[in-house]
Amino acid sequence: MMASKKPLSEVTTFISRGISPKYDENGYVVINQRCIREQRVDFSRIRFSDSEKTSVKPEKFVCQWDGLVNSTGVGTLGRVAQILKPVNSTIVDSHVTIVRPDLEQLDGRYFGYALFDAEKYIETLGEGATGQTELARGRLSEVDIRVPSLSTQRKIAAILSAYDDLIENNLQRIKILEEMAQNLYREWFVKFRFPGHQHARFTDSPLGRIPEGWEVKALGSLIAEHIGGGWGKDVADERHTVPAWVIRGTDIPDARFCNCSKVPFRYHTTSNLKSRCLMPGDIIFEVSGGSKDQPLGRSLLISSELFAAFNGDSVICASFCKRIRPDSQQYASELLYLSFLDAYVSGEIEQYQVQSTGISNFKWSDYLEKVNRCVPPADLQERFCDLCVPLFSEIATFGRKNTTLRRTRDLLLPKLISGEIDVLELDIAFPEEVEI
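About the thresholds
Residues numbered from 1 in each chain as written. Predicted model: local features only at pLDDT ≥ 70, side-chain atom pairs only at ≥ 80, totals over all residues. Heavy atoms only, no water. Pairing = 2+ DSSP bridges. Helix = DSSP H or I, 4+ residues; strand = E, 2+ residues; numbered from the N terminus. Core = buried A, V, L, I, M, F, W, Y, C linked by side-chain atoms within 4.5 Å. Buried < 20%, exposed > 50% of the residue type's maximum accessible area, 1.4 Å probe, protein only. Contact = heavy atoms within 4.5 Å. Disulfide = S-S within 2.5 Å. Salt bridge = Lys/Arg side-chain N within 4 Å of Asp/Glu carboxyl O. Axes fitted to C-alpha atoms, helices over the stretch in contact; angles between N-to-C directions. Parallel < 35°, antiparallel > 145°, perpendicular 65-115°, else oblique. Nonpolar A, V, L, I, M, F, W, Y, C, P; charged D, E, K, R; others polar. Expected span 1.5 Å × (residues − 1). Bend = angle between axes of the 7 residues up to and from the residue.

A.B. asks: How would you sum up the sheet that holds strand β3 (residues 23–24)? Please name residues and give values.
C.D. replies: Taken in spatial order, the 4 strands make up an open sheet running β3-β7-β4-β10, and their pairing is mixed. With partners counted over all chains shown, the strands left at the sheet margins are β3 and β10 (90–92), one partner each. As paired strands, strand β4 (residues 28–31) and strand β7 (residues 47–49) are joined by 3 bridges and run antiparallel to one another. Looking across to β7, one finds that valine 29 is bridged to phenylalanine 48.

A.B. asks: Now, about the nonpolar core: what can you tell me, with residues and values included?
C.D. replies: Counting residues in each nonpolar core, the largest one holds 49 residues, and the members touching the most others are Phe285, Leu338, Phe362 and Tyr367. At the level of elements, α5 (150–190), β19 (283–286), α9 (333–346), α10 (364–370), β26 (372–375) and α11 (378–418) are the ones that each hand at least two residues to this core. Here this core gets 9 residues from one element, more than from any other, and that element is α11. Setting aside its immediate chain neighbours within four residues, tyrosine 367 contacts Leu219, Phe285, Phe340, Ala343, Glu348, Ile349, Tyr352, Phe362 and Arg373. Formed by 33 residues, the second largest nonpolar core is a distinct cluster that contains Leu8, Tyr110, Ile156 and Leu412.

A.B. asks: An account of the state of the cysteines is needed here, citing residue identities and associated values.
C.D. replies: Here the structure, examined in full by the defined rule, presents 0 disulfides. Distance from the sulfur of cysteine 35, which forms no disulfide, to the nearest cysteine sulfur (cysteine 63) is 17 Å.

A.B. asks: Can you explain the environment of cysteine 35? Please cite residues and give values.
C.D. replies: Looking at the element boundaries, cysteine 35 is found in the loop between β4 and β5 (36–37). Residues cysteine 35 and asparagine 361, 326 residues apart in the sequence, show an inter-C-alpha distance of 24 Å. When residues no more than four places from it in sequence are discounted, the contact partners of cysteine 35 are Arg40, Val41, Asp42, Arg45 and Ile46.

A.B. asks: Account for the pattern of salt bridges, with residues named and values stated.
C.D. replies: One pass over the structure, following the stated rule, counts 21 salt bridges. Residues glutamate 187 and arginine 193 are paired through a salt bridge, measuring 2.9 Å at the closest nitrogen-oxygen approach. Judged by its relative accessible area of 25%, glutamate 187 falls in the partly exposed class. Between aspartate 410 and arginine 409 there is a salt bridge whose closest N-O contact spans 2.9 Å. Aspartate 410 sits in the partly exposed class, given a relative accessible area of 43%. A relative accessible area of 6% means that arginine 409 is categorised as buried. One salt-bridge network, held together by shared partners, links Asp164, Arg409 and Asp410.

A.B. asks: An account of the packing of helix α2 (residues 108–117) against α5 is requested, with residue identities and associated values reported.
C.D. replies: For the pair α2 and α5, interaxial distance at closest approach is 8 Å and the crossing angle is 75 degrees. Here α2 is positioned roughly perpendicular relative to α5, judged by the angle of their axes. Residues Arg109, Tyr110 and Tyr113 of α2 lie in contact with α5, whose contacting residues are Gln153, Ile156, Ala157, Leu160, Ser161, Asp164 and Asp165. In terms of residue class, the contact of α2 with α5 is made up of 5 nonpolar, 2 polar and 3 charged.

A.B. asks: Could you give an account of the sheet that holds strand β16 (residues 223–228), naming the residues involved and the relevant values?
C.D. replies: The sheet built from 4 strands is open, its strands ordered β16-β23-β19-β21 with antiparallel pairing. Each edge of the sheet is formed by a strand with only one pairing partner; in this case those strands are β16 and β21 (299–301). Ignoring strand direction, the axes of neighbouring strands in this sheet form an average angle of 20 degrees. In terms of strand pairing, β19 meets β21 through 3 bridges, oriented antiparallel.

A.B. asks: Run through the packing of α9 against α11, naming residues and quoting values.
C.D. replies: Angle between the axes and distance between the axes: these two values describe a pair of packed helices. Direction vectors running N to C along α9 and α11 enclose 70 degrees, while the axes themselves pass 9 Å from each other. Relative to α11, α9 is oriented roughly perpendicular. Residues Glu334, Leu335, Tyr337 and Leu338 of α9 form the contact with α11, whose own contacting residues are Gln381, Phe384, Cys385, Cys388, Val389 and Phe392. When the residues that make up the contact of α9 with α11 are grouped by side-chain class, the tally is 8 nonpolar, 1 polar and 1 charged.

A.B. asks: Can you break down α5 residue by residue, with the values?
C.D. replies: In this model, α5 (41 residues) spans 56 Å end to end at C-alpha, consistent with the 60 Å of a helix rising 1.5 Å per residue. Residue serine 161 marks the point of greatest curvature in α5, where the axis turns by about 25 degrees. Positioned one or two residues after α5, phenylalanine 192 has a phi angle of 60 degrees, which is positive.

Now the structure itself:
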């Protein structure tokens, strides 16, 4: 029997925007539009609202299985995600709409997948002038989703969630590996707790006491070459005839684990491309753009695995970034990259960011001239890289697995939700808490 489609207004119990928070260091957890990406809620981007100054009606606290829909702004409107686990004292800001399923009609997890399937359509429902685009509650309420029997919903959810659970597990492993690499760098080269440090002698330097045999050098002296990126044209013309992938600042977080699915492919002049092509060991450093909540200075190491992900095609960084080629005879690429990550967290990089005419820029020349690095002996750098490079390789491996899992899951999603793939006769095991 063909399943019926119903508008969200008939299969939900609550559709409403969030509230305007009173931001503070503690209080209610606030999910904003930046938290909603790739159909996930990124809780690392949450903020807090002063609970004493924020009045919240009970129904505006988000619950497990709530769908969240970005509801303002070009490029962000229509992104959806779902709250998969119980949460406490959590709200959304006024740019996000809560869509709460009627669990008498919908399996909680199925509802999320139905909403993901409708995401592209929801993105078209914005109204208003450019820069002030809004998603009206009424338009969202009219979105139809397919509502098969609860048994079928749970089978569909079980199939798709198996992929998502694997993806989530891999993301957790990637996070642990990244932390291991960064902690190893800090232990050896910031806290000087490298192997054999108990027997090291220390001496005065411009950076304070450092082990004997180490040198303090200006950051610029450790870089053999640096050059701004390019952008080219989206279609070839008489001058722009050579194709290449272009990694932008916005691509850096995903590219760190070899997810290059959103990196644009564009056409360039021969001379522009020749001087800018990336190779393993290079580092991309973001020098323009950024936002209020996201400082400039994100960086990306071009590992062998990431380079191979482009299948031999040329790849450059975008014009808002710099291509850095470290002087590897003095300072290994892995050390320089991890020093940039450490400097991003410590606030060193943010000190060189300036705001002008609505865009943030980075005082690159000042940074190279005024910032120093403590350079360890070559044999210690080599021992560090022997430990660190395999960590980066494992990160790339898990990243590639996730790319494949996402591709398969995205192919299955519309076929399962639409009923093109019939699950009626499938014998699927459900978690214990799910009753058919």
